[in-house]
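Spelled out from the first residue to the last, the chains are:
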Amino acid sequence: MEIDPISSTQMGSPASQKDAKALQFIEEMTRNADSVQQNVLAQILTRNAETEYLKGFSLDGATDRETFKSEVPIVTYEDLQPLIQRIANGDRSPILSSHPISEFLTSSGTSAGERKLMPTIKEELDRRQLLYSLLMPVMNLYVKGLDKGKALYFLFIKSETRTPGGLVARPVLTSYYKSDHFKTRPYDPYNVYTSPNEAILCPDSFQSMYAQMLCGLYEREQVLRVGAVFASGLLRAIRFLQLNWQQLTHDIRTGSLNPKVTDVSIRECMTRILRPDPDLADFIARECGKDNWERIITRIWPNTKYLEVIVTGAMAQYIPTLDYYSGGLPKACTMYASSECYFGLNLNPMCNPSEVSYTIMPNMAYFEFLPHQPNSPGVPVQPIDLANVEIGKEYELVITTYAGLYRIDSDKTDEAELQAAIDNASQLLREFNTSVVEYTSYADTKTIPGHYVIYWELLAKDSANLASKEVLDQCCLAMEESLNSVYRQCRVADNSIGPLEIRVVKNGTFEELMDYAISRGASINQYKVPRCVSFTPIMELLDSRVVSTHFSPSLPHWVPERRC
């Protein structure tokens, strides 16, 4: 995370006066980050001074950072959950916020599988819209001519629910897409989508995807950028094209619409788009009918300049697959956001995915940073302010929002270690032109000793040169060698963990897993493959798709630490 202001030496010139104004705003916010943060906290504490939560602490009207940090503790979602549940059940008293809670934003869920309800207020939409408005002015510095075509973005909503107290509960992107900020947005030549609002706002994922894909195919030569929220979402769209191209080309050839698309709004808007185009239908059928789908994105949409998808964190594993389908197009990660809060944006969106950093916008919320000390567990650390973070150090983010989340610590994760182990093991598959396109893990305690099971879905690009059983066994060992010394000690010295197991599943398994999650209420936009599973129906689905099993053939390297 960076707080450096914009450097004019590394960028082009603004595309318009509007862009120049937006870039100046970023400059002012980041250059004065500390004072902006001080004002944000003062505003939050002043307006919410009479809330039940803050009255429980000895603030006595103070709005300075020192008093706030000394009196209000850092908490987790679980600590606030009883208060949030009261709001969800209908308590309208000022519990967390003096402003009425307008709705709940649902996150992906806790480790127990329960979704989180993040309270929000109406004005938060303005803050989110402000951040969105800054993205294209930055992108226009790096990519010219984006006003000469359209964006094929696969965007979706999720059917919303209501809490016992009557408040809407829905994913943050559903909230935004269904708001007037999105639905009645003014025309902007740099933000023209191929997908009509009617397709985006259809809650049925098949009908929405079908209509968006059909529109994108009709306007294939107008498309300058292709994207989805997460990399996994764009790959799902490619998979959808693989499964449905024959029906799509039929519709294009005849100028008719698939009868499975029954949504009245979609059918009505598509009458303005559908037209018989046999030449286009022949072209798409010819390309999609080939066995080789390498570079399919640029074959179908030849003017695509870049992909706009999140490929950081857990999404990094999809980079090789995206490169395969796009011919190595640049992958732009433009912003950093969550259900709790929108944080900031990438000031160098065309950089290599491994170099992505996000600039925190200090006007979005009050941010604190807990130094990450993996070698000193249990040692108390003091959070530092945004302006005092140091380059090269790692932190856990603590946020305080206008909507009444005070000093809430973001979830900790050990996904990075697992991802690194997957990356190292998959190096052994390169000579076979094979990559790991998806994975998850499971701690099998039914065996003695227990052991870790990793489910892999592979993409083999050369059916005549497949990785052997021995190679996949070595992948198990390579993963073990990449795991931490505690794991390796348990394997080698304590014999308390058995050999790591890889179960290869058939292609399409993780697509089925996503379908299952969506059927249970997950949002397509926000869906991420769970990296650790234990829910019985998911385990049954995965195990029913296993095509081969592999175990580590030997012990990983481990030596006892010398003690003085």
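Counting starts from 1 at the beginning of each chain's written sequence and moves along it residue by residue. Residue-level local features of this predicted model are given only where pLDDT is at least 70; pairs of side-chain atoms are given and counted only at 80 or more, and the full residue set underlies all totals for whole chains, interfaces and linings. Water and hydrogen atoms play no part in the side-chain values, which are based on all heavy atoms of the structure.

Turning next to the overall build of the protein chain. Helix and strand labels come from DSSP, where a helix needs a run of H or I of at least four residues and a strand needs a run of E of at least two; each type is numbered from the N terminus. Looking only at helices and strands, the protein chain features 20 helices and 19 strands. A radius of gyration in this sense is built from C-alpha atoms; the matching globule rule multiplies 2.2 Å by the number of residues raised to 0.38. Over its C-alpha trace the protein chain gives a radius of gyration of 25 Å, about what one expects of a compact globule, namely 24 Å for 564 residues. Based on the C-alpha atoms only, the size of the protein chain along its principal axes is roughly 70 × 70 × 55 Å. Taking all 564 residues of the protein chain together, the buried fraction comes to 52%. Only protein chains enter the accessibility calculation, which uses a 1.4 Å probe; a residue is then buried when its area is under 20% of its type maximum, exposed when over 50%, and partly exposed in between.

With 94% of its residues at a pLDDT of at least 70, the protein chain reaches an overall mean of 90. Confidence of the prediction at every residue is given by pLDDT, a number between 0 and 100. Note on contacts: a residue pair is in contact if any heavy atoms of the two residues lie within 4.5 Å. Within the model, the stretch residues 1-10 combines pLDDT values under 50 with 26 contacts to residues more than four positions away or in other chains. Counted against residues more than four places away or in other chains, residues 109-113, with its pLDDT under 50, gives five contacts.

The next point concerns the pattern of salt bridges. For this document, the term salt bridge refers to a Lys or Arg side-chain nitrogen within 4 Å of an Asp or Glu carboxyl oxygen. Across all of its chains, the model carries 33 salt bridges by this definition. Ionic pairing is found between R170 and E103, a salt bridge with its closest N-O pair at 2.6 Å. Here the residue R170 occupies a position in strand 5 (residues 168-171), and E103 occupies one in strand 1 (residues 103-106), the gap between them amounting to 67 residues. In this structure, R170 and E103 share a single accessibility class: buried.

Most of strand 14 (residues 395-400) is tucked away: six of the six residues are buried. Covered by surrounding structure in strand 14 are Y395, L397 and I399 together with E396, V398 and T400, the residues of both alternating faces. Only strands joined by at least two bridges in the DSSP assignment are considered to pair. Of the strand pairs in this sheet, strand 12 (residues 366-371) and strand 14 are connected by six bridges, and their pairing is antiparallel. Counted as the bridge partner of F367 is I399 from strand 14. Pairing analysis gives two bridges linking strand 14 to strand 15 (residues 408-409), with the strands arranged antiparallel. The partner of I399 across the bridge, within strand 15, is I408.

Before going further, it helps to spend a moment on the packing of aromatic side chains. To pair, rings of Phe, Tyr and Trp, with the six-membered ring standing in for Trp, must have centres within 6.5 Å; the planes then decide the type, stacked if under 30 degrees apart, edge-to-face if over 60, and tilted in the middle. Within the structure shown, the criterion is met by 19 aromatic pairs. Ring plane angle 35° and centroid distance 5.8 Å describe the contact between F206 and Y210, whose orientation is recorded as tilted. On the criterion of helical spacing, the pair formed by F206 and Y210 is a turn pair, its members being four residues apart in helix 10 (residues 205-218). Here the aromatic rings of F206 and F240 are separated by 5.5 Å at their centres, their planes lie at 55°, and the arrangement is tilted. Of this pair, F206 sits in helix 10 while F240 sits in helix 11 (residues 231-254), and the two are 34 residues apart along the sequence. Overall, F206 belongs to the partly exposed group, its relative accessible area being 26%. One aromatic cluster in this structure is built from Y132, Y153, Y176, Y177, F182, Y193 and Y342. Two thresholds decide whether a charge sits over a ring: the Lys NZ or Arg CZ must be within 6 Å of the ring centre and within 35 degrees of the ring normal. Here R127 stacks its cationic end above the ring of Y402, 3.7 Å away from the centre of that ring.

The next point concerns unusual backbone geometry. Positioned with a positive phi, R295 is a non-glycine residue whose angle comes to about 65°. Here R295 lies in the loop between helix 13 (278-288) and helix 14 (296-300). For N433, which is not glycine, the phi dihedral falls at a positive 55°.

A word on the sheet that holds strand 16 (residues 434-444). Within the open sheet, the four strands sit side by side as 16-17-18-19. Their pairing is mixed. At either end of the open sheet lies a strand with only one pairing partner, and these are strand 16 and strand 19 (546-551). Along the sheet, successive strands turn relative to each other by an average axial angle of 25°, direction set aside. With five bridges connecting them, strand 18 (residues 501-505) and strand 19 associate as antiparallel partners. Counterpart to V504 in the pairing with strand 19 is S548. Of the strands in this sheet, strand 16 and strand 17 (451-460) are in contact with helix 16 (residues 415-426), which crosses strand 16 at around 135°. The convention used is that axes are lines fitted to C-alpha atoms, helices contributing only their stretch in contact, and that angles between N-to-C directions extend from 0 to 180 degrees.

On to the packing of helix 16 against helix 17 (residues 469-482), then. Look at helix 16 against helix 17: their axes get within 8 Å of each other, and the N-to-C directions meet at 140°. Between helix 16 and helix 17, the interaxial angle falls into the category oblique. Of the two possible hands of crossing, helix 16 and helix 17 adopt the one that is right-handed. Between helix 16, through L418, A421, I422, N424 and A425, and helix 17, the contact on the second element is made entirely by C475, A478, M479 and S482. Relative orientations are named as follows: roughly parallel for angles under 35 degrees, roughly antiparallel for angles over 145 degrees, roughly perpendicular for angles from 65 to 115 degrees, and oblique for any other angle. By convention, the crossing between two helices is left-handed when the near helix turns anticlockwise from the far helix through less than a right angle, and right-handed when the turn is clockwise.

Turning to the packing of helix 11 against helix 13, a few remarks are in order. Contact geometry of helix 11 with helix 13 gives a least axis separation of 8 Å together with a crossing angle of 165°. As summarised for this structure, helix 11 and helix 13 are arranged roughly antiparallel, according to the angle between their axes. In this structure, helix 11 meets helix 13 at a crossing whose hand is left-handed. Residues L241, W245, T249, I252 and R253 of helix 11 form the contact with helix 13, whose participating residues are P278, L280, A281, D282, I284, A285 and C288. Under the grouping applied here, Gly and all other residues not named as nonpolar or charged are polar, the nonpolar ones being Ala, Val, Leu, Ile, Met, Phe, Trp, Tyr, Cys and Pro and the charged ones Asp, Glu, Lys and Arg. Of the residues in the contact of helix 11 with helix 13, the class split is nine nonpolar, one polar and two charged.

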